[in-house]
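Summary of the model geometry
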Amino acid sequence: MLDVTFSPDGNELVTGSGDGIVRFWTPAGQEIGTIKTDSGRTWRVVFNPTGQLLATANNDGTVKLWSRSRQLFKTLKGHQKKFLM
């Protein structure tokens, strides 16, 4: 696991990992869903303040925005990994 964050409402825990799979968990530790980023390692995961979007910062230099339904919303290119460590 490379990063972890709670949703703003506290009902979900999200983890980013070295396999590029973002996992969603209940606070009790039950896995309730996944996103496969197809971008290598996922260094950072963070919700926007309303919890309607999740951003993932990935090893391939992309930041992907995901909807609450875990659908890819937008891909942004060009982050520098050195700022993510």
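Quick look at the structure, then. (Residues numbered from 1 in each chain as written. Predicted model: local features only at pLDDT ≥ 70, side-chain atom pairs only at ≥ 80, totals over all residues. Heavy atoms only, no water.)

Taken in spatial order, the four strands make up an open sheet running 5-6-7-8, and their pairing is antiparallel. One side of each edge strand has no neighbouring strand; the edge strands of this open sheet are strand 5 (42-47) and strand 8 (72-77). Direction aside, neighbouring strands of the sheet carry axes that sit 20° apart on average. As judged from the five bridges shared by strand 6 (residues 53-58) and strand 7 (residues 62-67), these two strands associate in the antiparallel manner. Counterpart to L53 in the pairing with strand 7 is S67. (Pairing = 2+ DSSP bridges. Helix = DSSP H or I, 4+ residues; strand = E, 2+ residues; numbered from the N terminus. Axes fitted to C-alpha atoms, helices over the stretch in contact; angles between N-to-C directions.)

Right, let's talk about the environment of S7 for a bit. With respect to the helices and strands, S7 occurs in the loop between strand 1 (3-6) and strand 2 (13-16). Judged by relative accessible area, S7 falls into the buried class, the value being 3%. Spatially, the C-alpha atom of S7 lies 8.8 Å from that of T50, the residues being 43 residues apart in sequence. Apart from residues no more than four positions distant in its own chain, S7 is found in contact with E12 and F47. (Buried < 20%, exposed > 50% of the residue type's maximum accessible area, 1.4 Å probe, protein only. Contact = heavy atoms within 4.5 Å.)

Time to look at the nonpolar core. Of all hydrophobic cores here, the largest spans eight residues; its members are V14, V22, F24, I35, V45, F47, L54 and W66. Elements that contribute at least two residues to this core include exactly strand 3 (21-25) and strand 5. Filtering out sequence-adjacent residues up to four positions away, L54 remains in contact with V14, V22, F24, I35, V45, V46, F47, K64, L65 and W66. (Core = buried A, V, L, I, M, F, W, Y, C linked by side-chain atoms within 4.5 Å.)

A few words on the pairing of strand 1. What you see with strand 1 is a clean split: D3 and T5 sit on the buried side and V4 and F6 on the side with no burial. Where strand 1 meets strand 2, four bridges bridge the pair, whose relative direction is antiparallel. Directly across from D3, in strand 2, lies its bridge partner G16. Hairpin connection from strand 1 to strand 2: six residues lie between these consecutive antiparallel strands, with G10 at a positive phi of about 80°.

Counted according to the given criterion, the structure contains zero aromatic pairs. In this arrangement the basic side chain of R70 is found over the ring face of F24, its NZ or CZ atom lying 4.2 Å from the centre. (Phe/Tyr/Trp six-rings, centres within 6.5 Å; stacked < 30°, edge-to-face > 60°. Lys NZ or Arg CZ within 6 Å of the ring centre and 35° of its normal.)

The next point concerns unusual backbone geometry. Of note, the phi angle at D38 is positive, near 55°, even though the residue is not glycine. Along the chain, the position of D38 falls in the loop between strand 4 (31-36) and strand 5. In this structure D38 comes out as exposed when scored by relative accessible area, which is 61%. Non-glycine residue R70 carries a positive phi angle of around 70°. With respect to the element layout, R70 can be found in the loop between strand 7 and strand 8.

Geometric values such as these leave the question of function open.
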